[in-house]
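Examination of the molecular architecture
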Amino acid sequence: MVRSSSSVTLETLSDPRRKIRKVIMTTMGPAADGKLTGLVAATFTPLTQHDEINLSVIGPYVDYLAEKQGIKNIFVNGTTGESMSLTLSERKDLAEEWCKRAKGKMDQVIVHVGCLSLKDSQELARHAARVGAHAVAVIAPSFFKPKTADALRAFLTQVASAAPALPFYYYHIPAITGVNVSARDVIEGIESLIPSFRGVKFSGSDLVDFGQCVSHRPQWSFLYGLDEQFLGALAMGAHGAVGSTYNYLGCDVQQLMSAFEKGDIVQARKIQFKIQELVTYAIKLGFDVGVNKQLMIEI
Ligand SMILES: CC(=O)N[C@H](C=O)[C@@H](O)[C@H](O)[C@H](O)CO
Ligand SMILES: CC(=O)C(=O)O
């Protein structure tokens, strides 16, 4: 199993030298109707030095995100969480621990349950509902790929049917899945198949597709997933963002959103440029989850 080489440890998460930054809440706070908005941190999976999942870090990790990064929502077992390299039982243990520890501290815990196997995805969706997740998200299967929007909708529909009471999000990440069906095509008529459908975590670079999703159903949540061009997505009407860098740049991006909302585009751009520089630097280091975990430790 290939997993990230560095792990987030209890010590690094509670390092007293870590600068305590002021938590800035923006007007993109929790919506009264439960609509998912604002920043969502895509959490890392803490591992021990022996490559076992390290559940003991999750409690302090939640506190750190809430208190030091102003994060109110988490997306667990996603790309950043290395879900596709974990076993089903590890994913279940992690989902349960995140939900337990986030109770009363986070507004929403979204559990990614996508797998190559439909049955595994359904099992994880049922489990997420049982352990108190607020929502589930599903990525397109990427070995035998759905070639049409219909085929992808059919897969998503069957997963959603295993947890019909939970809000459901499609996780669009074409660069990794190789499934290049536009998100706008995927969401066409999806509410009649998945009544619990609530939006898309959009980790593609195509802002035309993104804009067309937002304009099609502005009442759903369209959350952007390329942290380095979030400002472009905000201009297209993004309701928030899900990303790995919000683990350590949460406060900075809250400021970016506040600046955008106030119309201070120069300030918003300044913060976005900084994030672009950081991501470009990380790419030069061979940006993978291991490098990303290291950034969280060092920043
Ligand atoms: C592939 C991947 O991990 N994407 C993340 C979420 O979708 C992003 O948060 C990126 O880590 C981030 O945009 C930096 O490229
Ligand atoms: C960024 C994100 O959403 C993920 O890691 O799944």
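Thresholds applied
Each chain carries its own residue numbering, running from 1 in the written order of its sequence. Lettering for chains starts from A, numbering for ligands starts from 1, and both go in the order in which the items are written. Where local features are concerned, this predicted model is filtered to residues with pLDDT of at least 70; where side-chain atom pairs are given and counted, the filter is 80 or more; whole-chain, interface and lining totals use all residues. Runs of E in the DSSP output that reach at least two residues are strands. Runs of H or I that reach at least four are helices, and both are numbered from the N terminus. Exposure criterion: with C-beta atoms placed from backbone coordinates, a residue whose C-beta has 20 or more other C-beta atoms within 10 Å is buried, one with 12 or fewer is exposed, and one in between is partly exposed. Once C-beta atoms have been placed from the backbone, residue pairs whose C-beta atoms lie within 7 Å are recorded as contacts. Nearness is defined per residue: the C-beta atom, placed using the backbone, must lie within 6 Å of the molecule or strand. As a working rule, the residues Ala, Val, Leu, Ile, Met, Phe, Trp, Tyr, Cys and Pro are called nonpolar, Asp, Glu, Lys and Arg charged, and the rest polar, with Gly in that last group. UniProt positions are given in the numbering used here, feature names are shortened, and annotations may be inferred rather than shown by experiment.

A few points about the overall build of the chain
Scanning the chain from N- to C-terminus turns up 13 helices and eight strands. The burial tally for the chain puts 48% of its 299 residues in the buried class. The contacts in the chain between residues at least 6 apart in sequence include a share of 73% that link residues at least 24 apart.

Here's the deal with the site of ligand 2
Neighbouring ligand 2 are the residues Ala42, Phe75, Gly78, Thr79, Thr80, Lys201, Gly225, Val242, Gly243 and Ser244. Tallied by class, residues from the shell around ligand 2 come to three nonpolar, six polar and one charged.

Brief notes about the UniProt feature "active site" (unreviewed entry) in the chain
Taken from the UniProt record, the annotation "active site" (unreviewed entry) applies to Tyr171 and Lys201. Spanning 31 residues, the named residues form one tight spatial group whose C-alpha atoms are at most 4.7 Å apart. Position of tyrosine 171 relative to the elements: it lies in strand 5 (residues 168–172). Residues contacting tyrosine 171, with those up to four places away along its chain left out, are His112, Gly114, Ala137, Val138, Ile139 and Lys201. Judged by the 30 C-beta atoms lying within 10 Å of it, lysine 201 is buried. Not counting chain neighbours up to four residues away, the residues in contact with lysine 201 comprise Ala137, Tyr169, Tyr171, His172, Leu223, Gly225 and Val242.

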